[in-house]
Every structure is written in structure tokens, then in C-alpha cells.
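Structural characterization, general
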Amino acid sequence: MVKIENLRKSYGRFSLDCSMEILPGRVTGLIGANGAGKSTTFKAVLGLISPDAGNISIFGKNIRDFDAADKQKIGVVLSDSGFSGYLSVKDLIPVMENIYDSFDKDFFVSQAEKFALPLNKKIKEFSTGMKAKLKVLSAISHDAKLLVLDEPTAGLDVVARDELLELLRNFMERDDERSILISSHISSDLESICDDIYMIDDGKIIMHEDTDVLLDEYALLKLSKEQYERIDKQYILSRKKESYGYSCLTNQKHYYMENYPRIAVEKGNIDNVITMMIRGERV
């Protein structure tokens, strides 16, 4: 679906150099701290910036060769973009019909009503959650094969986030050849929807893992200094000095639970992995 090979882009002191692949039928997350390179990667995928080097292909075609029909197969939500606040949802319908040959007006209107988006109200009067739902709804209403979503749940409360994620799940269920590339600072959102996750730091991919494996096999080991000195370190990815000794990130939780039953093991999650991979010391 999407293949990014040795993508490079430099801005002053920042340099992006990454490779990724988003497979058909999968939701792939891109995580990392602010300024790590997520938005730059997204914009390069969408052709909004020109890479210094590398190749990006979507649907088996280099994006440099994309035509209007190819672009219609992609639905986009960017954190720093949106619709004019002076338009209403009803005003957007003819705009979408003119841009997208496959725009599904009936689906768009029915979903707008389902999510309580008033058709005649100006978008500037919408809440943050309503605006976010409208952006995602617009992205999925023209039979897109790929969604590129940069922070689609930012600023939303728990209920609004759950509704939006349900919209994305339904989008994927309707066609097993569709794919989503998504970023979010809310780890629980990614854990609940992503099939696999890439982590980017300082412009480079430092980890790629299936979400199920990350949640099942990754863990934090809480070790005293003495325990750390004695433990087998072959499956420890990084460590961080703590008041009690060390916290260590491993991707082989069960190995340590079986062989060192007395150590404290804390179940892994995306937040733990980000913290340890970025702030921890590699072992």
C-alpha cells in the first residue's frame, strides 16, 4: 500500500532519514515526541513537501507520478488544517462532489446526523470534537483506500475519541484492502486500533513492532542495583537509573518472569516504550 524507502529531508539542524511500510488491511501508527519527524513524514507521503532523497510509493506507484485520480484514493486529516469556519456542513457537500468522483453524499449526510453535526450551522461555531469528527468524516466519504491521519483525536474528550475511533474501525471493516497511517499522542487510542507501530526519534525510525507483541511481550523490569548486576541482560533494550536501582525495558517479558520470579515486572504499554527508548540508556 505505502512504501517509504530511505526518505530524507533536512531543515536546519533537523534531518529526517526513515523507511516504513504500510500494508493493505492494516492500521499503522507512527509515534514519537514532538519534533521527532512525524508531521514531516506525513507531509512527504502526501506530496506536500519535496524529499531531498529517497522514494515513496503508494498503490505501487511513485507519488511523483500521481495524477488526480490517484490522489482521490487518499483521505487526509492534518492537525494544522481544516475547513473554513464560514462554511456549513451543507456547504461542503457540493465542494466534495466537485473534488471527488466517488463522494458518497448519502453516507456523508447520514453520518453527520448520527454524530450530531448540524448541517446548517457554521463550522466556526462547532466544538473541537465536532470539527474533528467532520474532518474524519470528510476523509472517509469518498471511497478512499488509504487514510493519512495526523493527530485526529487531539483535544477530544474520551467520549468523542471513542466515537471517532469507531468511525475508523467501521471504515476498515467495509474493505479489507484499505489502510490507515495514523499518529497520536494518546497511546490508548493507538493501542486499541493499530495493528503495528513505528517509533521515530530525531528523524529516525528506532522501533517497529506489532501492537499485540508490544502489549504482550514488552515490559518494565524494576530492579535493585544488586538484581541488575546479576540479571541476564541479553533481552534488555534500555535502562534508566532510578532511586531504587534501575528500570529496564525488555521485549521478552515471559523470559524474565520465568527465570527471575522475584523481580517486579510492570506490563508494557506505548508510553513506557516511548519513555524508555528515548530517555533511557541503550544496553
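Remember, it's a predicted structure, so these values are computed and weren't measured experimentally.

Regarding the overall build of the protein
Summing up its helical and strand segments, the protein has 11 helices and 15 strands in all. With respect to the three principal axes, the spread of C-alpha positions in the protein is 70 × 40 × 35 Å. Evaluated residue by residue, the protein yields a buried proportion of 47% over its 283 residues. Sequence-distant contacts, at least 24 apart, represent 69% of the contacts inside the protein between residues at least 6 apart. Of the roughly 13800 Å² of accessible surface on the protein, 45% is carried by carbon and sulfur atoms. Counting 38 positive and 45 negative side-chain charges, the protein places the centres of these two groups 5 Å from one another.

Re the packing of aromatic side chains
Using the criterion set out here, one finds 6 aromatic pairs in the structure. Judged by centre distance (6.2 Å) and plane angle (5°), the rings of phenylalanine 59 and phenylalanine 66 are stacked. According to the relative accessible area criterion, phenylalanine 59 is partly exposed, its value standing at 27%. The structure contains a cluster of three or more aromatic residues connected by ring pairs, namely Tyr235, Tyr255, Tyr256 and Tyr260. For the cation-ring pair, lysine 233 lies above tyrosine 228, with the distance from its terminal atom to the ring centre recorded as 4.6 Å.

Brief notes about the pairing of strand β3 (residues 27-31)
Burial runs high along β3: 5 of the 5 residues are buried. Of the two faces of β3, the one lined by Val27, Gly29 and Ile31 and the one lined by Thr28 and Leu30 are each fully buried. Looking at chain direction, β3 and strand β8 (residues 179-183) are connected through 4 bridges and run parallel. Pairing of valine 27 across the sheet is with isoleucine 180, part of β8.

A word on the sheet that holds strand β4 (residues 53-58)
If you trace the 4 strands from one edge of the open sheet to the other, you get β2-β1-β4-β5, paired in antiparallel fashion. The open sheet is flanked by β2 (14-22) and β5 (61-62), the only strands paired with a single partner. Note: strand β1 (residues 2-11) against β4, 5 bridges, orientation antiparallel. For lysine 3, the partnering residue across the bridge sits in β4 and is serine 57. Running at roughly 120° to β1, helix α1 (residues 38-45) makes contact with β1, β2 and β4 of the sheet.

Digging into helix α11 (residues 270-279)
The α-helix advances 3.6 residues per turn, and as a result positions three or four apart in sequence lie on the same side. Taken together, the buried positions of α11 are occupied by Ile270, Asn272, Val273, Met276 and Met277. Along α11, the residues classed as buried sweep out an arc of 160° about the axis, all on the same side. For α11, the capping residue at the N-terminal end is asparagine 269, with a side-chain oxygen 3.1 Å from the backbone nitrogen of aspartate 271.

Quick notes on the nonpolar core
In this structure, Leu147, Leu168 and Ile180 are the most contacted members of the largest nonpolar core, which totals 52 residues. Setting aside chain neighbours within four positions, we find isoleucine 180 in contact with Ile22, Arg26, Val27, Thr28, Leu147, Leu149, Leu168, Phe171 and Met172. Ranked by size, the runner-up nonpolar core spans 25 residues in total, among them Val2, Leu16, Phe42 and Ala44.

About the criteria used
Residues numbered from 1 in each chain as written. Predicted model: local features only at pLDDT ≥ 70, side-chain atom pairs only at ≥ 80, totals over all residues. Heavy atoms only, no water. Helix = DSSP H or I, 4+ residues; strand = E, 2+ residues; numbered from the N terminus. Buried < 20%, exposed > 50% of the residue type's maximum accessible area, 1.4 Å probe, protein only. Contact = heavy atoms within 4.5 Å. Areas by Shrake-Rupley, 256 points an atom, 1.4 Å probe, with all protein chains shown as cover. Lys, Arg positive; Asp, Glu negative; His and termini not counted. Charge placed at Lys NZ, Arg CZ, Asp CG, Glu CD. Phe/Tyr/Trp six-rings, centres within 6.5 Å; stacked < 30°, edge-to-face > 60°. Lys NZ or Arg CZ within 6 Å of the ring centre and 35° of its normal. Pairing = 2+ DSSP bridges. Axes fitted to C-alpha atoms, helices over the stretch in contact; angles between N-to-C directions. Arc of directions from axis to C-beta. Polar contact = N/O pair within 3.5 Å; in protein donor to acceptor, adjacent residues only side chain to side chain. Core = buried A, V, L, I, M, F, W, Y, C linked by side-chain atoms within 4.5 Å.

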